[in-house]
Amino acid sequence: MKLVTVAGPPSSGKTAIILKALAHLQGAGRKVGVVKFDCLASQDAERFRAAGIRSITGLSGNFCPDHYFITNIEDCAAWGRREGLDLLVSESAGLCNRCAPHIRGHLAVCVLDHLAGVHTPRKIGPMLKTADVVLVTKGDIVSQAEREVFAFRVRQVNAKARLLFVNGITGQGSWEVSRLLDAAPDNAPLTGGKLRFSVPAAVCSYCLGETEIGEEHQHGTVRKIQIEEAHHV
Amino acid sequence: MSEHNAGGVSCRSLLAGDSERGSLGNGESRASTLRPTETGSELAFTDSRCDEFLLLNKLPSRAAHRTLRAWWEAQSWDFRTESGWDFERLVDGLAAFLGANAAMGESAPLRSLEIRRGRDKSGRPEQFDLLFKPGDVVCLVGPTGAGKSRFLADIECLAQGDTPTGRVVLIDGNAPDPDSRFTGEGKIVAQITQNMNFVMDLPVAEFLKMHAESRALAAPESAMQRVLDAAIRMAGEPFGPETPLTQLSGGQSRALMIADAAFLSPKPVVLIDEIENAGVDRTRALEFFVDQGKIVLLSTHDPLLALSGARRLVIRHGAVQQVIEPSPQEEANRVRLAALDRRLGRLRERLRLGERLDEPWEQLVGEALT
């Protein structure tokens, strides 16, 4: 079974493009599944079911979503194998841009959308930087020039990824995406493998449920903002 | 923990220019011109673009350091442990940033684009092989769902008999490099469609500068000026370099998109999808593309534009069913249509100036309709 991680900001079009790309693979006789990681709520299971795709949804709730992902991905992969899947897609929203669910040895996809603006590639972080494939959606409604600038800005943070313009609504580019998914590494080991980027180091009182504001409530690893004061003459 | 997974590479091998993403195990070697040079400590660190990189990432300034390694080692321990960077990541980041221009790279000009016949939606063979040369204007006609988009997508992904249509696309007579097929830079088509908008909140000049930068042009200023002049000549109403993109009228922004695609976009093929009635001098727009040696694919049912092409491809049921070359009568009609179009343009201009259009019909349309 191939395992592919797909990450991107909320509403960037991850589910739409996954649905379109997987439809091509289903047409080619592949058995495909999706595990959707989200924080609070997700209605996507219904969309996957309607498309005849096996899926499970994991909601991290109170837990750090990235920690939740990495502590559960093995179980999800085991489920995929029990189901006899050829391909399991792990879909997760880029929750704080600090992290990335990408795993070494497994195809890593980042989905961005043009409407987020040309500064976005510089703000996304490891989810984009460590991806093998970058899919940029909603290109049908922005100018060609902005698309080219966007591509350039993606290149400035990730020199190696394949970069594709796709459309989750019309399915433009989804066939090409399906070819890349189908060529993903097969049966790469997960247990004992490594994340491509570490998750945050902070363990502070707020991680453990503290809600009060104030210095006396801040315990554990905390980091203070550096504020440069203007020099008044 | 041993690194026995397929793509696992140590930091050391990354530093040596080995790409963890390049060794995915899918048997594809990627054209990677963008390796960090040998080791990070030798990465060029004297360029002003290095300063730009540091500034963008809110990193301390380069100061007097001549290598990235020296700069890194001069930073405080706190910074090195808490900034979210480590040296390897920095090497990769800087290399990507410096290499972006090369990646967007200027490919050699296209000499020919060939599309070998495929099959229609029922699997019946298509009848035509097509050959396009720079400066060709080709129109695509056919109802929605007929396969125009797939035809264009086949060109976009440089199909090699592996798309649903089975078409094969050759560049300068050869199959394209397989590595370039599935990546944005390998793509050869620039698009202008009815639905496109500028979403950036920037003045025209700054935006053009941003686009010119991504091209690493020798003379970005003059390229920008050309785009601006051309756009103003196509749009009815003038606008200036300081006009915010978001305040351009429909016609002005379409004109700017066209001028930008003609003069600033590196893509040798331009696809124009339904831009009728946008308040743009369409004949002039086509001339710009032809002058720049672009291959223009026009998906349109606008009579003037459709007759402007040297060929008209009729697409039906997923295949090119007919290739029409304009007859002498069609050519004569196109000239009349162009006169009519200019006439209508003048009427629009008069309305804009607050005039009435109340002269007798013959006078109003002049010789255009007679």
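Residues numbered from 1 in each chain as written. Chains lettered and ligands numbered in written order. Predicted model: local features only at pLDDT ≥ 70, side-chain atom pairs only at ≥ 80, totals over all residues. Heavy atoms only, no water.

1. Brief notes about the overall build of chain A
Quick reminder of the rule: Here a strand is any run of E in DSSP of at least two residues, a helix any run of H or I of at least four, and the numbering for each starts at the N terminus. Two things to know: the radius of gyration comes from C-alpha atoms, and the globule rule equals 2.2 Å times the number of residues to the power 0.38. Buried residues are those whose accessible area, probed at 1.4 Å on protein chains only, stays under 20% of the maximum for their type, while exposed residues exceed 50% and partly exposed ones sit between those limits. We call two residues contacting when some pair of their heavy atoms lies within 4.5 Å. To measure how exposed things are, a 1.4 Å probe is used in the Shrake-Rupley method; for residues, cover is taken only from the protein chains shown. We count Lys and Arg on the positive side and Asp and Glu on the negative side, and we leave His and both chain ends out. For the purpose of locating charges, the reference atoms are NZ of Lys, CZ of Arg, CG of Asp and CD of Glu.
Secondary structure assignment for chain A yields 7 helices and 7 strands. Its helices and strands taken in sequence order, chain A reads β-α-β-α-β-α-β-β-α-α-β-α-β-α from the N to the C terminus. Taken over the C-alpha trace, chain A has a radius of gyration of 19 Å; the compact-globule value for 233 residues is 17 Å, and the two agree within 12%. Projected onto its principal axes, the C-alpha positions of chain A cover 70 × 45 × 30 Å. When the 233 residues of chain A are sorted by exposure, 56% land in the buried category. Here the contacts in chain A between residues at least 6 apart in sequence split such that 73% fall between residues at least 24 apart. Accessible surface, chain A as shown: approximately 10,200 Å² in total, 54% of it carbon and sulfur. For chain A, the separation between the mean place of its 27 positive charges and that of its 23 negative charges on side chains is 8 Å.

2. A closer look at the pairing of strand β9 (residues 319-324) of chain B
The condition is simple: Two strands form a pair only when DSSP identifies at least two bridges running between them.
Note that strand β8 (residues 311-316) of chain B and β9(B) share 5 bridges and pair antiparallel. Looking at the pairing, R316(B) lines up with A319(B) of β9(B).

3. Comments concerning the confidence of the model for chain B
For the record, the criterion: For every residue, the predictor states its confidence as a pLDDT score lying anywhere from 0 to 100.
Looking at chain B, the pLDDT average stands at 80 and 82% of residues meet or exceed 70. Of the two predicted TM-score estimates for the complex, the pTM is 0.77 and the ipTM is 0.74.

4. Notes on the pattern of salt bridges
Applied cut-off: Only one rule defines a salt bridge in this text: a Lys or Arg side-chain nitrogen within 4 Å of an Asp or Glu carboxyl oxygen.
For the structure shown, the criterion picks out 28 salt bridges over all chains. Between D86(B) and R89(B) there is a salt bridge; the shortest N-O distance is 3.8 Å. In this structure, R282(B) and D341(B) form a salt bridge, with 2.3 Å as the shortest nitrogen-oxygen distance. Of this pair, R282(B) sits in helix α11 (residues 282-291) while D341(B) sits in helix α13 (residues 328-352), and the two are 59 residues apart along the sequence. With relative accessibility at 7%, the residue R282(B) sits in the buried group. Salt bridges sharing common partners tie together K36(A), D44(A), R47(A) and E91(A).

5. Some points on unusual backbone geometry
Residue and element names in this part refer to chain A. In this structure, S11 is a non-glycine residue whose phi angle is positive, near 65°. One can find S11 in the loop between β1 (2-8) and α1 (14-27). Non-glycine residue N187 carries a positive phi angle of around 50°. With respect to the helices and strands, the residue N187 is situated in the segment after α7 (174-182).

6. Observations regarding the sheet that holds strand β7 (residues 162-165) of chain A
Residues and elements named next belong to chain A. Selection rule: The axes used here are C-alpha line fits, helices contributing only the stretch in contact, and every angle between their N-to-C directions lies in the interval 0 to 180 degrees.
One open sheet accounts for 7 strands, arranged β3-β2-β4-β1-β5-β6-β7; its pairing is parallel. For this open sheet the edge positions go to β3 (54-59) and β7, each flanked by a neighbour on one side alone. Taken over all neighbouring pairs, the strand axes of this sheet differ in orientation by 20° on average, direction set aside. Taken together, the 4 bridges between strand β6 (residues 133-137) and β7 define a ladder with parallel strand orientation. Considered in β7, the bridge of V134 is made with L163. Sheet contacts for α7: β1, β4 (87-93), β6 and β7; angle to β7, the most-contacted strand, approximately 150°.

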